[in-house]
There are 2 protein chains.
Amino acid sequence: MKKLINAVEDVVAESVEGFAWAHADIVEMRTDPLFVVRRGGAREGKVGLVSGGGSGHEPLHAGFVGLGMLDAAVPGTVFTSPTPDHVLPALAAADSGRGVLAIVKNYTGDVLNFETAIELADADGIEVATVVVDDDVAVKDSLYTAGRRGVAGTLAVEKIAGAAAERGDDLQAVAATAARVVANVRSMGVALTACTVPHVGRPSFDLPDDEVEIGIGIHGEPGRRRIPVAPADDITAMLVEPVVEDLALTSGESVLLFVNGMGGTPLSELYVVYRQARRLLEDRGVVVARSLVGNYVTSLDMQGASVTVLRLDDELTALWDAPVHTAALRW
Amino acid sequence: MKKLINAVEDVVAESVEGFAWAHADIVEMRTDPLFVVRRGGAREGKVGLVSGGGSGHEPLHAGFVGLGMLDAAVPGTVFTSPTPDHVLPALAAADSGRGVLAIVKNYTGDVLNFETAIELADADGIEVATVVVDDDVAVKDSLYTAGRRGVAGTLAVEKIAGAAAERGDDLQAVAATAARVVANVRSMGVALTACTVPHVGRPSFDLPDDEVEIGIGIHGEPGRRRIPVAPADDITAMLVEPVVEDLALTSGESVLLFVNGMGGTPLSELYVVYRQARRLLEDRGVVVARSLVGNYVTSLDMQGASVTVLRLDDELTALWDAPVHTAALRW
């Protein structure tokens, strides 16, 4: 294993410390337990937004803390959910009295740990609503999940719910907006290579030199099938079709098209995927009204990409367009 | 070779087309020859900025076209300089009558091709000044270069000269500011793995599983030496020390610290490098006044990172802070 790390047990703490130093104008780091909070803490009069989960998906979630997105992010160890006693202080730090929305990716550990943390928060008088993101159309009931997995669509939930909170919506309204994003966002990914978890020290699965895996999860969970290496346009079609089918997209509808890199794939290749995904959508009469391309919801050093499509309406578009100022996303 | 591409000869054109579609609010693509120009073309009354070079370093340079940075970017084929007839129309497209600054990384092919293009532009009545970026302290007179190589420091030159142009400085002043950045910026990189050029189809050099190469170039040119895999803090010290020595940084000075990924390295590892680089600078009494961390000047899928330090003064800091709105950098 070759990585730019020191002792494997220090990876998350050192990376988060570097992150907090580099973005001290936006975030603060808290320790014991470790989490990241918007600089200056919870904003008076604003619903708080908290997300978290296992590390290894950077910039998700800490990179999305800041104006118009999250108030706090809780990083677990690599690919391992943070425990309830770890989540609770982040919920408390994000609460200004108007309640907190917890955004949870649908993995068994995350769901259970957030549930317990939310019960504890409730006992402390913090009102918490939850939205569970399950946008991955590839598989149901996989290695880590009952139901569908939460993947890159989480970014859209955090961005749009964050904008709703920033404009002053109450907790019920922010949660309803988040749920509306979840209902309208779908993703599917492909892996060219496996990722290497630092404390494991070797690739998390074997993928032959001449094969790719369609429908991969962001922890390297099995996808739908392995196929011989194929042109990007063909692979992209295998990602776009199931997403479009599952969303039941029809001609004339507007979408956000988000092509996400898994961490080890160059940006130039993501634009090749974007190009074909856009052509396939436009061939169906779907209007690509908004776009995002980059490594945002990653899987350590995995080479691969995912395609996320969010059905837009005027309100979701306006919330997507609303100002955001975080380490990883800003406009 | 596993990449998300179609035919190797179409890689650059398809990637640039996807890029231009995704960022149609910021850029326009021109074809025959292929280049990217700021949406709406040259800005009346503003000095134009043009850069370019071989592809494979994305988001450099096209990702930096937009308000406060470049007016046009010329992508060659992968790791190959664009020819003069390819550069000339980009120079013309960036000129509003106040002249154009060409920002050229110091590689023999780029320098020669830009020189010839600039002679042709001169014959067409376009005034062009040139700044050659040679920030890499690792080696002199390498495989592709007489003198030092131009690497990640190019981003700082483009950002700061772009801000000077945007505020209305004349060509001589913009060129002088760019030269001042070049005089005060230094970089050094490390590779954990080689990159694979699409039309070659295999890694561009052999790097054993237990070694890293210190002082690597952004095309995989040889560095200073190979060492056994070491902790990130030790490797970072091997990058920071030569940079600091070469800049002759002294206690009390302020700098921009830019940790750049080579394309295949996860963001989490770049923050581990940033953390140690910052500590080493602060140990010397150097003030890290500004920071940037991410994959900006890459080498296809290479795993590795570089450390860039720019000595700041009040004016360079103000120009760094000035608004920028491009695909890859915005604030």
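Remember, it's a predicted structure, so these values are computed and weren't measured experimentally.

**Student:** Give a detailed account of the packing of aromatic side chains, specifying residues and quantitative values.
**Tutor:** Counted under the stated rule, the structure contains six aromatic pairs over all chains. Here the aromatic rings of phenylalanine 19 of chain A and tyrosine 271 of chain B are separated by 5.3 Å at their centres, their planes lie at 80°, and the arrangement is edge-to-face. Of this pair, phenylalanine 19 of chain A sits in helix α1 (residues 11-22) while tyrosine 271 of chain B sits in helix α7 (residues 267-283), which puts the two residues in different chains. For the pair phenylalanine 19 of chain A and tyrosine 271 of chain B, a shared accessibility class is recorded, and that class is buried.

**Student:** Give me the lowdown on unusual backbone geometry, citing residues and values where you can.
**Tutor:** Residue and element names in this part refer to chain A. A cis amide bond links aspartate 32 to the next residue, proline 33, at an omega of -5°. Here proline 33 is to be found in the loop between β1 (27-30) and β2 (35-38). Even without being glycine, phenylalanine 79 reaches a positive phi, approximately 60°. With respect to the helices, strands and loops of the structure, phenylalanine 79 is situated in the loop between β5 (72-78) and α2 (84-94).

**Student:** Kindly report on the domain arrangement of chain A, identifying the contributing residues and their values.
**Tutor:** Residue and element names in this part refer to chain A. Parsing chain A into structural domains produces domain 1 (10-183) and domain 2 (185-318). Between the C-alpha centres of domain 1 and domain 2 the distance comes to 23 Å. Tallying the contact residues gives 33 residues for domain 1 and 35 residues for domain 2. A combined buried area of about 2,800 Å² lies between domain 1 and domain 2, and 62% of that area is made up of carbon and sulfur atoms. When the buried area of domain 1 at its contact with domain 2 is split by residue, Phe79, Val137 and Arg180 rank highest and sum to 19% of it. Counting the contacts that link domain 1 with domain 2 gives four salt bridges. The residue arginine 180 makes a salt bridge to glutamate 315 at a minimum N-O spacing of 2.5 Å. Summed over the shared surface of domain 1 and domain 2, the result is 18 residue pairs in polar contact (both at pLDDT 80 or more). For the side of domain 1 that touches domain 2, the secondary-structure elements that each account for two or more residues are α4 (153-166) and α5 (171-184). Tallying contributions element by element places α5 first for the side of domain 1 that touches domain 2, with five residues. Among the residues making up the side of domain 1 that touches domain 2, the classes are represented as 20 nonpolar, five polar and eight charged.

**Student:** How would you sum up the interface of chain A and chain B? Please name residues and give values.
**Tutor:** Every contact between the two is made by 52 residues of chain A and, on the other side, 53 residues of chain B. Approximately 4,400 Å² of surface area, both sides summed, lies buried where chain A meets chain B, with 62% of it carried by carbon and sulfur atoms. Our count for the chain A to chain B interface comes out at six salt bridges. Arginine 275 of chain A is paired through a salt bridge with glutamate 17 of chain B; the nearest N and O atoms lie 2.6 Å apart. Counting the contacts that link chain A with chain B gives 22 residue pairs in polar contact (both at pLDDT 80 or more). Elements with a minimum of two residues in the side of chain A that touches chain B: α1, β9 (211-214), α6 (232-247), α7 (267-283), β12 (287-294) and β13 (304-312) of chain A. By residue number, the principal contributor to the side of chain A that touches chain B is α7 of chain A, which donates ten residues. Tallied by class, the residues present in the side of chain A that touches chain B amount to 27 nonpolar, eleven polar and 14 charged.

**Student:** Which residues make up the relation of the copies chain A and chain B, and what are the values?
**Tutor:** You can overlay chain A on chain B at an RMSD of 0.0 Å; the transform is a turn of 180° with a shift of 0.0 Å along its axis. The transformation just described matches what one would write down for a two-fold rotation axis. Of every C-alpha in chain A, the one belonging to glycine 264 of chain A sits nearest the axis of rotation, 2.0 Å from it. Mapped onto chain B, 100% of the interface residues of chain A are again interface residues, and the two copies thus contact each other with one and the same surface.

**Student:** Now, about α4 of chain A: what can you tell me, with residues and values included?
**Tutor:** Residues and elements named next belong to chain A. Given a rise of 1.5 Å per residue, 14 residues ought to cover 20 Å, and the 20 Å separating the end C-alpha atoms of α4 matches this to within 8%. For α4, the tally of buried residues reaches 13 of 14 residues, placing the bulk of the element in the interior. Glycine 168, located one to two residues past α4, shows a positive phi value of around 105°.

**Student:** I'd like a description of the pairing of strand β11 (residues 254-261) of chain A, backed by residues and values.
**Tutor:** On any regular strand, side chains alternate: one points to one face of the sheet, the next to the other face. Residues and elements named next belong to chain A. Counted residue by residue, β11 has seven buried out of eight residues, so it is predominantly covered. Pairing geometry for β11 and β12, over seven bridges, is parallel. Considered in β12, the bridge of valine 259 is made with valine 293. In this structure, β11 lies alongside β13, joined through eight bridges in antiparallel fashion. When the sheet's bridge partners are listed, leucine 256 is paired in β13 with leucine 310.

**Student:** So, the environment of proline 228 of chain B: which residues are in play, and what are the values?
**Tutor:** Residues and elements named next belong to chain B. Here proline 228 is to be found in strand β10 (residues 225-228). Using a relative accessible area of 58% as the deciding quantity, one classes proline 228 as exposed. Placed 33 residues apart in sequence, proline 228 and cysteine 195 show a C-alpha to C-alpha distance of 19 Å. Apart from residues lying up to four places away in sequence, proline 228 is in contact with Asp210 and Glu211.

**Student:** Just give me the short version of the sheet that holds strand β6 (residues 100-105) of chain B, but keep the residues and values in it.
**Tutor:** Residue and element names in this part refer to chain B. Spatially, the six strands line up as an open sheet ordered β1-β2-β5-β3-β6-β7, and their pairing is mixed. Every interior strand has two partners, whereas the edge strands, β1 (27-30) and β7 (128-133), have only one. If you compare each strand with its neighbour and ignore which way they point, the axes differ by 20° on average. With four bridges joining them, β1 and strand β2 (residues 35-38) adopt antiparallel strand pairing. From the neighbouring strand, methionine 29 faces β2, where its bridge partner is valine 36. In the packing of helix α3 (residues 108-123) onto the sheet, the strands contacted are β3 (48-55), β6 and β7, and the crossing angle to β6 comes to about 165°.

**Student:** Give me the packing of helix α6 (residues 232-247) of chain B against α7 of chain B: which residues, what numbers.
**Tutor:** All names here are of chain B. Packing of α6 against α7 brings their axes to within 9 Å, and their N-to-C directions diverge by 50°. On the basis of their axis angle, the class for α6 and α7 is oblique. Of the two possible hands of crossing, α6 and α7 adopt the one that is right-handed. Listed contacts from α7 to Ala232, Asp233, Thr236, Ala237, Val240, Glu241 and Val244 of α6 are Val272, Val273, Arg275, Gln276, Ala277, Arg279, Leu280 and Leu281. Tallied by class, the residues present in the contact of α6 with α7 amount to nine nonpolar, two polar and four charged.

**Student:** Describe the pattern of salt bridges, with residues and values.
**Tutor:** Following the criterion strictly, the structure yields 44 salt bridges over all chains and no others. One salt-bridge network, in which partners are shared between bridges, spans Arg167, Asp169, Arg180, Asp313 and Glu315 of chain A.

**Student:** Can you tell me about the side chain of aspartate 301 of chain A, naming the residues and giving the values?
**Tutor:** Its location among the elements puts aspartate 301 of chain A in the loop between β12 and β13. In this structure aspartate 301 of chain A comes out as buried when scored by relative accessible area, which is 11%. Dropping the residues within four chain positions of it, aspartate 301 of chain A is found in contact with Lys3, Thr193, Ala194, Cys195, Thr196 and Gly264 of chain A together with Gly264, Pro266 and Gln303 of chain B.

**Student:** An account of the sheet that holds strand β7 (residues 128-133) of chain A is needed here, citing residue identities and associated values.
**Tutor:** Residues and elements named next belong to chain A. Pairing in this open sheet of six strands is mixed, and the strands run β1-β2-β5-β3-β6-β7 from one edge to the other. Of all the strands in the sheet, just β1 and β7 have a single pairing partner and so form its edges. The mean inter-strand angle of the sheet, taken between neighbouring strand axes irrespective of direction, is 20°. Where strand β6 (residues 100-105) meets β7, six bridges bridge the pair, whose relative direction is parallel. Paired with valine 104 across the bridge in β7 is valine 132.

What counts, and where the lines are drawn
Residues numbered from 1 in each chain as written. Chains lettered and ligands numbered in written order. Predicted model: local features only at pLDDT ≥ 70, side-chain atom pairs only at ≥ 80, totals over all residues. Heavy atoms only, no water. Phe/Tyr/Trp six-rings, centres within 6.5 Å; stacked < 30°, edge-to-face > 60°. Helix = DSSP H or I, 4+ residues; strand = E, 2+ residues; numbered from the N terminus. Buried < 20%, exposed > 50% of the residue type's maximum accessible area, 1.4 Å probe, protein only. Domains from an automatic or database assignment. Contact = heavy atoms within 4.5 Å. Buried area = accessible area lost by both parts, 1.4 Å probe. Salt bridge = Lys/Arg side-chain N within 4 Å of Asp/Glu carboxyl O. Polar contact = N/O pair within 3.5 Å; in protein donor to acceptor, adjacent residues only side chain to side chain. Nonpolar A, V, L, I, M, F, W, Y, C, P; charged D, E, K, R; others polar. Least-squares fit on C-alpha atoms with pLDDT ≥ 70 in both. Expected span 1.5 Å × (residues − 1). Pairing = 2+ DSSP bridges. Axes fitted to C-alpha atoms, helices over the stretch in contact; angles between N-to-C directions. Parallel < 35°, antiparallel > 145°, perpendicular 65-115°, else oblique. Left-handed = near helix turned anticlockwise from the far one by under 90°.

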